[in-house]
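# Working through the structure, step by step
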Amino acid sequence: MNKKKDISGDHHHPHDQAHSHLPSDPELRVKAVETLLLNKGLIDSKTLDELIDTYENRIGPKNGAKVVAKAWVDLEYKKRLLNDATSAIRELSYQGRQGENMVVVENTTETHNVIVCTLCSCYPWPVLGIPPTWYKSDEYRSRTVREPRKVLLEFGLSLDPKVQIKVWDSTAEIRYLVLPMRPKGTKNMDERELAELVTRNSMIGTGLPKEIK
Amino acid sequence: MKSYYNLPFTNKTQDQIVFQNPWHSQLFAITVQMSEKGNFSWKEFVDVFEKSLKKQRSLSKNLDGSNDYFSCWLNALEEILIIKKVSNKDTLMLLKEDWTQAYLSTPHGKPVNIKNRSV
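Residues numbered from 1 in each chain as written. Chains lettered and ligands numbered in written order. Predicted model: local features only at pLDDT ≥ 70, side-chain atom pairs only at ≥ 80, totals over all residues.

## Here's the deal with the overall build of chain A
Note the threshold: Per the convention used, a helix needs a DSSP run of H or I reaching at least four residues, while a strand needs a run of E reaching at least two, with both numbered from the N terminus. Here a residue counts as buried when 20 or more other C-beta atoms sit within 10 Å of its C-beta, as exposed when there are 12 or fewer, and as partly exposed otherwise, the C-beta atoms being derived from the backbone. Whether two residues are in contact depends on their C-beta atoms, placed from the backbone: they are in contact if these lie within 7 Å.
If you tally the helices and strands in chain A, you get 11 helices and 4 strands. Expressed as lengths along the three principal axes of its C-alpha atoms, the size of chain A is roughly 65 × 35 × 35 Å. Relative to its 213 residues, chain A shows a buried fraction of 43%. Long-range contacts, defined as pairs at least 24 residues apart, comprise 69% of the intrachain contacts of chain A with a sequence gap of at least 6.

## So, the overall build of chain B
When its secondary structure is counted, chain B shows 5 helices and 0 strands. Overall, chain B shows an N-to-C arrangement of helices and strands of α-α-α-α-α. For chain B, with 119 residues in total, the buried portion stands at 30%. Nonlocal contacts in chain B, meaning residues at least 24 apart in sequence, comprise 39% of its contacts between residues at least 6 apart.

## A look at helix H8 (residues 138-146) of chain A
Looking only at H8 of chain A, the buried set comprises Asp138, Tyr140, Arg141 and Thr144 of chain A. Elements that come into contact with the buried residues of H8 of chain A comprise strand S2 (111-116), helix H7 (133-136), helix H9 (148-154) and strand S3 (164-169) of chain A together with helix H3 (42-59) of chain B.

## A word on the confidence of the model for chain B
All names here are of chain B. Operational definition: pLDDT: the predictor's confidence for each residue, scored from 0 to 100.
Averaged over chain B, the pLDDT score is 85; the fraction of residues at 70 or greater is 83%. Every residue in residues 1-9 is under pLDDT 50, and counting partners more than four places away or in other chains gives 17 contacts. Reported for the predicted complex are a pTM of 0.82 and an ipTM of 0.88.

## Structural notes on the domain arrangement of chain A
To keep it simple, the criterion reads: Note that the domain bounds were set by an automatic or database domain assignment.
For chain A, the domain assignment lists domain 1 (25-57) and domain 2 (60-204). Taken over C-alpha atoms, the centre of domain 1 of chain A sits 31 Å from the centre of domain 2 of chain A.

## Focus: the interface of chain B and chain A
With 58 residues of chain B in contact, the opposing surface of chain A contributes 49 residues. Elements supplying a minimum of two residues to the side of chain B that touches chain A: helix H1 (12-15), helix H2 (22-36), H3, helix H4 (67-83) and helix H5 (89-105) of chain B. For the side of chain B that touches chain A, the leading source of residues is H2 of chain B, giving 10 residues.

## A word on unusual backbone geometry
A positive phi angle, near 70°, is found at Ser93 of chain A, a position not held by glycine. Exposure remark for Ser93 of chain A: the 9 C-beta atoms within 10 Å place this residue in the exposed category. In this structure, Lys85 of chain B is a non-glycine residue whose phi angle is positive, near 60°. Secondary-structure assignment places Lys85 of chain B in the loop between H4 and H5. Exposure remark for Lys85 of chain B: the 7 C-beta atoms within 10 Å place this residue in the exposed category.

## What about H2 of chain B?
Formally: Helix span, expected: 1.5 Å multiplied by one less than the number of residues in the helix.
Over its 15 residues, H2 of chain B extends 21 Å from the first C-alpha to the last, a length consistent with the 21 Å expected when each residue adds 1.5 Å. Of all 15 residues making up H2 of chain B, 12 are buried, and the element is well covered by its neighbours. Among the residues of H2 of chain B, Pro22, Trp23, His24, Ser25, Gln26, Leu27, Phe28, Ala29, Ile30, Thr31, Val32 and Met34 of chain B are the ones counted as buried. Against the buried residues of H2 of chain B lie helix H1 (25-39) and helix H2 (45-58) of chain A together with H3 and H4 of chain B. Phi turns positive, to about 85°, at Gly38 of chain B, one or two residues after H2 of chain B.

## Here we look at the confidence of the model for chain A
Residues and elements named next belong to chain A. Put simply, chain A has an average pLDDT of 89, and 92% of its residues get 70 or more. Ranking the helices and strands of chain A by mean pLDDT puts helix H4 (residues 75-83) first, with 98, and H7 last, with 88. Here residues 1-14 scores under 50 on pLDDT; set against residues more than four positions off or in separate chains, the count is 16 contacts.

## A short note on the environment of Leu194 of chain A
All names here are of chain A. Summarising the element assignment, Leu194 is placed in helix H10 (residues 191-195). Take Leu194: there are 21 C-beta atoms within 10 Å of it, and that puts it in the buried class. In sequence terms Leu194 and Tyr94 are 100 residues apart; their C-alpha atoms lie 19 Å from each other. Excluding anything up to four places from it in sequence, Leu194 contacts Ala69, Trp72, Val73, Thr186 and Met189.

## A word on the packing of H1 of chain A against H5 of chain B
Under the convention used in this document: Axis geometry follows a simple rule: fit a line to the C-alpha atoms, using only the stretch in contact for helices, then measure angles between N-to-C directions, giving values from 0 to 180 degrees. Working definition: roughly parallel below 35 degrees, roughly antiparallel above 145 degrees, roughly perpendicular at 65 to 115 degrees, and oblique for all remaining angles. Definitions for this section: a left-handed crossing has its near helix turned counterclockwise from the far helix by less than a right angle. A right-handed crossing has that turn clockwise.
Where H1 of chain A meets H5 of chain B, the closest approach of the two axes is 8 Å, and the angle between their N-to-C directions is 115°. Viewed along their axes, H1 of chain A and H5 of chain B adopt a mutual orientation that is roughly perpendicular. Here H1 of chain A runs over H5 of chain B; the crossing is right-handed. Contact with H1 of chain A, carried on its side by Leu28, Arg29, Lys31, Ala32, Val33, Thr35 and Leu36 of chain A, involves Thr91, Leu92, Leu95, Lys96, Trp99 and Thr100 of chain B of H5 of chain B and no other residues of that element.

## Thoughts on the environment of Asp25 of chain A
Its place among the elements puts Asp25 of chain A in helix H1. Measuring from C-alpha to C-alpha, the distance between Asp25 of chain A and Lys62 of chain A comes to 35 Å, with 37 residues separating the pair along the chain.

Written as structure tokens, this is what we have:
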């Protein structure tokens, strides 16, 4: 549930507690826009709360992890996923907003894929949720294209120099998802157990799935 | 594998938080709902948003992806509302002023509200 948080935050009035804490400029502008659109009947509070709840609590990388795990255990599904990702992902009931045109790119021993959005922050919401702050930063967006190997190293991912790195630039039309390689030693694991190994960063390409200890 | 999780874009504490501030989530939800109700397409919004990001980048240092990123998002939403003639600059400014005055005139601890303004 989205608990309507007090956006004025914690604030202590050392003197006379005369008035409420004045929110920041953007907070006041968001309130102005919200008031305007509510008054015009263009938005409603219930839908706003539902949207926030959905992306804060219900849709996230766990969805993508299930897609990856299924592709690891079911070769026919993997073929469908690489051939038409949007339809294959829809088979698991993940669809809609910002997932209308999905492309899945597969990591191999020769190629490692990384996703970025150089223009803003296009990201496959139905399978990964809302992008993390670093994905939206200029630093990630510009440097991933320029020096991907170095950026990956900063994420703790040291790739063999022989491995080619491909950078995929997401747009408002096409969203990418990385299909990481299945970790070694997982032959006896089922789909559910495998999904636990799939991290968000491994589906962006800035990390790998968890290893079996 | 060595972890470098203290670099600018890999702050582990912030990494798992979906929205860093309540106004980010509110802004996100307002934009999505407006788009889904057909007031503008997502592509139209993204086009305006990209311009807003570019403009901000030319004025200041690199955006860190948090408050500054959502400030650009807010600029873009206000702009698309004006482009689509849903509102205009003056109305948005007056509403912001109403909220400012309401906060300044409401005693601490009491609910802050604004009087109905014709929008």
